[in-house]
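Understanding the architecture of this molecule
Each chain, letter by letter, is given below.
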Amino acid sequence: MNMAPLVALVGNPNAGKTSLFNALTGARQKVGNYPGVTVERKVGRWLPASGPERGIELVDLPGTYSLDAASPDEQVTHDVVMGRQPGERRPDAIVAVVDATNLDNHLRFVLELKDLGLPMVVALNMADLARRDGLEIDLAGLSRALGVPVVETVAVRRKGLDTLGRAVTDALAQPPAAEALDGSAAGVERALRDPAASRARGKAARALADSVTVETHASRRWTRRLDRVLLNPVTGPLILATILFVMFQAVFAWAEAPMGWIEAAIGWLQASASALLPDNLLRSLIVDGILNGVGSVIVFLPQILILFFFILLLEQTGYMTRAAFLMDRLMAYAGLSGRAFIPLLSSFACAIPGIMATRTIADPRDRLTTILIAPLMTCSARLPVYAVIIAAFIPDRSVGAGIGLQGLTLFLLYVAGIVAAFVAALLLRRTVTSGTGHGFLMEMPSFQTPQLRDILLGLWQRALIFLKRAGTIILVSTVILWALLSFPRAPADSASRNPALEHSVAGWISRGLEPIFRPVGFNQEITLALIPAMAAREVAVSALGTVYSLQGDEEAVEQSLVERLRSSWTLPTALAFLAWFVFAPQCLSTIAVTRRETNGWTWPLFMLGYLFGLAYLAAGATYWVATALGAG
Amino acid sequence: MTTESPSVNLNALAVDQSATISHVDWPSLDDATARRLQEFGVDEGISVQMLHHGPLGRDPIALRVGRMTIALRRSQAMAISVVPPRP
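Remember, it's a predicted structure, so these values are computed and weren't measured experimentally.

Quick look at the overall build of chain A now. A count of helices and strands for chain A gives 30 helices and 10 strands. For chain A, with 632 residues in total, the buried portion stands at 49%. When contacts within chain A are restricted to residue pairs at least 6 apart in sequence, long-range pairs at least 24 apart make up 73% of them.

Listed below in structure tokens is the structure:
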């Protein structure tokens, strides 16, 4: 078979690997997963001029400092280049991406890779920054010393890509060395684990870097200057707080208009479908089931994209590591490290990428604790729930100083999640995940101008994942819920105020569960909505929408969900519902990703149990206190 | 007269102060930390510069090693002894 040759991009984190990958493959890339692990597999087609006929299959491997893997991400890189990763053939050649401004450090890894015996080309990336930093690098000398071609690239300006293409095409034409052919490379593996060999390699790399580099003036001046302000003990935390504030403000303010458009479009579709179709089951399925359910989830796409935009921006510029630096000591009080800050921040968008981002935490106990508390960060899927309940039950008035009571409530719900996470981490660290951590050890890369293309590609991939979810899991769960609510049909002469709940399968199920939830103030409709919310938390809103839209008479259908809730829930019930969602244990995707990341059912079940317990207690306490205070 | 400066703990360096690593107590570090420090280029004879102190308890610290900036906690830096240049 004549397959396109496979070339792997390998390099230290912050070497500009992903920018190079984006520059070489453009939009011709696919993001998937390696089987059995949640490490992202990014492949793309690279079509260099006069390259192989079928192009080159380029795979972007997770960044790592060495092949001696310290995290699951790094393990994938190790296994792929060793030809031992299921779901990936061994690469035919390697492109080692090296940051030209950090040669003494990155060459260490190149020396390691060279021992593998695979055809290799070194891409000396960020060559422009090196020049700006006053570094002259002797390309020919470096290439001679390493015995492999070295090509200067500036990925973000698309420079050196053709030369790189020619070098890789030539390298692919060479037969691989003998060690590479036997595949096992036991000697290479032994050398990786040997500390003395590792230090020797570091020394050799520094000597080599020194011999090919001429430093004309002091480097990293911009980064130093920025860091003096951004890491200053006083201004640093203030700037971080401001950035986070702007970020969350933007999630609400900027998203308002596009969310309105999406709502209007769905409303128009519902109205057109109602007008076109006769009043039958199919119309009910489309209007009450699909459009209502999926629509109430798609509406959050703008907010999710805005949040991810900020996260990608902060990651690309290099600010995220500064945030981790500033937060480390605070996180240490809860037994975590600054490293956990990035996954936890991502969890405000969604716990799934957040939990996946914990792979960069080397210490297993730190990582497990971070995974277990990630669902307590208020993910964007909880926003719709908060938004609807707040709009219905919290009066829209000012508490002074231009702060609205509704906004304040939302803010307090976020804070409640964070406080709960810290307390949970503290308790977990003293019980199930006790033991000393590995502390905090992290590279802080130079600041970089963010690249619009890289951010847009990242956003596009996020949007696709979200829409895929809406089109599959959420669509299916809404249709199932609609069916459970619609069958068996209520007799036409039913005198019930609420025929769907009285006669349907769903009504029967929720009646069975209601005794569990009645003590915390939940009525049958809420119990019912919690079941499909297992698929995704935001479905709780669409489920309530479906429940109330199916049970209502003509007049009730005209009312919005907010008005309907206001007329059928008491305030203590609404507050208890909000408190429940601070913990909201029911998200199947989170449980599934936790199972994959922790390799078993123990921790996801533990997570489910402790979140469920907390949610029940919090909802109960809120309900009882609110009732006692006479809010009912 | 050329006397060696006495070695001090890395944590004792003031912001912006440079020094040369005289000794790393590798056995006192756990394997993962030791390996990562080596990967970051920390080794005896290497010159480092203290760049920043964290906002709470001046922890963690940011250190310049070669052309790289790394962050680590004071508890980890305890293992590293340095010799500041003589004034």
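Quick look at the overall build of chain B now. In terms of helices and strands, chain B carries 2 helices and 6 strands. Taken from the N to the C terminus, the helices and strands of chain B come in the order β-β-α-β-β-β-α-β. For chain B, whose C-alpha radius of gyration is 12 Å, the value lies close to the compact-globule estimate of 12 Å for 87 residues. Taken across its 87 residues, chain B has 46% of its residues classed as buried. In chain B, the proportion of contacts linking residues at least 24 apart, taken out of those at least 6 apart, comes to 60%.

We now examine the confidence of the model for chain B. Residues and elements named next belong to chain B. Considering every residue of chain B, the mean pLDDT works out to 89; 94% of them sit at 70 or more. By mean pLDDT, the top-scoring element of chain B is strand 6 (residues 80-83) (96), and the lowest-scoring one is helix 1 (residues 31-39) (86). At the level of chain-chain contacts, confidence expressed as ipTM amounts to 0.94, with global pTM at 0.81.

Moving on, we get to the environment of A:Gly117. Residue and element names in this part refer to chain A. Examined against the element boundaries, Gly117 turns out to sit in the loop between helix 3 (103-114) and strand 6 (120-125). When the 16 C-beta atoms within 10 Å are taken as the criterion, Gly117 is described as partly exposed. Measuring from C-alpha to C-alpha, the distance between Gly117 and Ala93 comes to 9.5 Å, with 24 residues separating the pair along the chain.

In this section: the interface of chain A and chain B. Of the residues lining the interface, 32 residues belong to chain A; the matching set on chain B comes to 31 residues. Looking at the side of chain A that touches chain B, the elements that each hand over two or more residues are helix 3, helix 9 (195-212), helix 11 (235-253), helix 15 (319-333) and strand 10 (441-443) of chain A. Of the residues forming the side of chain A that touches chain B, the biggest block, 5 residues, is contributed by helix 15 of chain A. Of the residues belonging to the side of chain A that touches chain B, the class tally is 13 nonpolar, 10 polar and 9 charged.

One finds A:Trp580 and B:Ile70 to be the most contacted residues of the largest nonpolar core, which totals 141 residues. Discounting chain neighbours no more than four positions away, the residues touching A:Trp580 are A:Ala615, A:Ala618 and A:Ala619. Judged by nonpolar contacts, the second largest core, of 58 residues, contains A:Phe21, A:Phe109, A:Val121 and A:Leu142.

Another aspect to go through is helix 9 of chain A. Here helix 9 of chain A is 18 residues long and its end C-alpha atoms lie 26 Å apart, about the 26 Å a rise of 1.5 Å per residue gives. What helix 9 of chain A keeps buried is the set A:Arg201, A:Gly202, A:Ala205, A:Arg206, A:Leu208, A:Ala209 and A:Val212. An end-on view of helix 9 of chain A places all buried positions within 165° of arc, on one side of the element. Exposed and facing more than 90 degrees away from the buried side of helix 9 of chain A are A:Ala196, A:Ala207 and A:Ser211. Contacts made by the buried residues of helix 9 of chain A are with helix 3, strand 7 (135-137), helix 5 (139-146) and strand 9 (213-215) of chain A together with helix 1 of chain B.

Before going further, it helps to examine unusual backbone geometry. B:Asp59 connects to B:Pro60 through a cis peptide bond whose omega is -5°. Counting through the fold element by element, B:Pro60 comes out in strand 4 (residues 59-65). Of note in the backbone geometry, A:Met126 takes a positive phi value of approximately 60° without being a glycine. Take A:Met126: it is sitting in the loop between strand 6 and helix 4 (127-132). A residue is classified by how many C-beta atoms lie within 10 Å of it, and A:Met126, with 28 of them, is buried. Non-glycine residue B:Arg58 carries a positive phi angle of around 50°. Judged by the 14 C-beta atoms lying within 10 Å of it, B:Arg58 falls in the partly exposed class.

Two faces belong to every sheet, and in a regular strand the side chains alternate between them. Residues and elements named next belong to chain A. Counting buried positions over the 5 residues of strand 4 (residues 56-60) gives 5, a clear majority of the element. Neither face of strand 4 is exposed, since Ile56, Leu58 and Asp60 on one face and Glu57 and Val59 on the opposite face are all buried. Strand direction decides the pairing type here: strand 3 (residues 40-46) and strand 4, joined by 5 bridges, are antiparallel. Across the sheet, Val43 pairs through a bridge with Val59, a residue of strand 4.

This part covers the pairing of strand 3 (residues 47-56) of chain B. Residue and element names in this part refer to chain B. Counting buried positions over the 10 residues of strand 3 gives 7, a clear majority of the element. In the sheet, strand 2 (residues 18-24) pairs with strand 3 via 3 bridges, with the strands oriented antiparallel. Opposite Ala19, over in strand 3, you have Val48 as the bridge partner. The hairpin formed by strand 3 and strand 4 contains 2 residues between the paired strands, and Gly57 there has a positive phi angle of roughly 60°.

It is worth spelling out the environment of A:Pro445 at this point. For A:Pro445, the location among the structural elements is in the loop between strand 10 and helix 21 (452-486). Classification of A:Pro445 by C-beta neighbours within 10 Å gives buried; the count is 21.

Here the focus is helix 12 (residues 256-276) of chain A. The α-helix winds at 3.6 residues per turn, so residues separated by three or four positions along the chain end up facing the same way. Compared with an ideal rise of 1.5 Å per residue, which puts 21 residues at 30 Å, helix 12 of chain A spans 30 Å between its outermost C-alpha atoms and is within 8% of the ideal. Across the 21 residues of helix 12 of chain A, 0 count as buried, placing the element largely on the outside.

Below, the discussion takes up the packing of helix 18 (residues 364-373) of chain A against helix 20 (residues 405-430) of chain A. Residue and element names in this part refer to chain A. Packing of helix 18 against helix 20 brings their axes to within 10 Å, and their N-to-C directions diverge by 140°. For helix 18 against helix 20, the interelement crossing comes out right-handed. The residues of helix 20 that touch helix 18, namely those facing Thr369, Leu372 and Ile373, are Ala421, Ala424, Ala425, Leu428 and Arg429.

Time to look at the sheet that holds strand 1 (residues 8-9) of chain B. If you trace the 7 strands from one edge of the open sheet to the other, you get 10(A)-5(B)-4(B)-3(B)-2(B)-6(B)-1(B), paired in antiparallel fashion. Looking at strand neighbours, the two that pair on one side only are strand 10 of chain A together with strand 1 of chain B, the edges of this open sheet. Bridging between strand 2 of chain B and strand 6 of chain B involves 4 bridges; their strand directions are antiparallel. What sits directly across from B:Thr20, in strand 6 of chain B, is B:Val83.

This next bit is on the environment of A:Thr358. All names here are of chain A. Within the secondary structure layout, Thr358 lies in the loop between helix 17 (351-357) and helix 18. Residue Thr358 is classed as buried on the basis of its C-beta count, with 24 C-beta atoms lying within 10 Å. Measuring from C-alpha to C-alpha, the distance between Thr358 and Leu617 comes to 28 Å, with 259 residues separating the pair along the chain.

Moving on to the packing of helix 28 (residues 571-583) of chain A against helix 30 (residues 602-628) of chain A. Residue and element names in this part refer to chain A. Relative orientation of the contacting elements helix 28 and helix 30 amounts to 155°, with a least axis distance of 8 Å. Regarding the angle of helix 28 to helix 30, the classification is roughly antiparallel. Classified by chirality, the crossing of helix 30 by helix 28 is right-handed. Mapping the contact onto sequence places Leu571, Pro572, Thr573, Leu575, Ala576, Ala579, Trp580, Val582 and Phe583 in helix 28 and Leu611, Leu614, Ala615, Ala618, Ala619, Thr622, Tyr623, Ala626 and Thr627 in helix 30. By residue class, the composition of the contact of helix 28 with helix 30 is 15 nonpolar, 3 polar and no charged.

The rules behind each value
- Residues numbered from 1 in each chain as written.
- Chains lettered and ligands numbered in written order.
- Predicted model: local features only at pLDDT ≥ 70, side-chain atom pairs only at ≥ 80, totals over all residues.
- Helix = DSSP H or I, 4+ residues; strand = E, 2+ residues; numbered from the N terminus.
- Buried ≥ 20, exposed ≤ 12 C-beta atoms within 10 Å, placed from the backbone.
- Contact = placed C-beta atoms within 7 Å.
- Rg over C-alpha atoms; globule rule 2.2 N^0.38 Å.
- pLDDT = per-residue confidence, 0-100.
- Nonpolar A, V, L, I, M, F, W, Y, C, P; charged D, E, K, R; others polar.
- Core = buried A, V, L, I, M, F, W, Y, C linked by C-beta atoms within 7 Å.
- Expected span 1.5 Å × (residues − 1).
- Arc of directions from axis to C-beta.
- Pairing = 2+ DSSP bridges.
- Axes fitted to C-alpha atoms, helices over the stretch in contact; angles between N-to-C directions.
- Left-handed = near helix turned anticlockwise from the far one by under 90°.
- Parallel < 35°, antiparallel > 145°, perpendicular 65-115°, else oblique.

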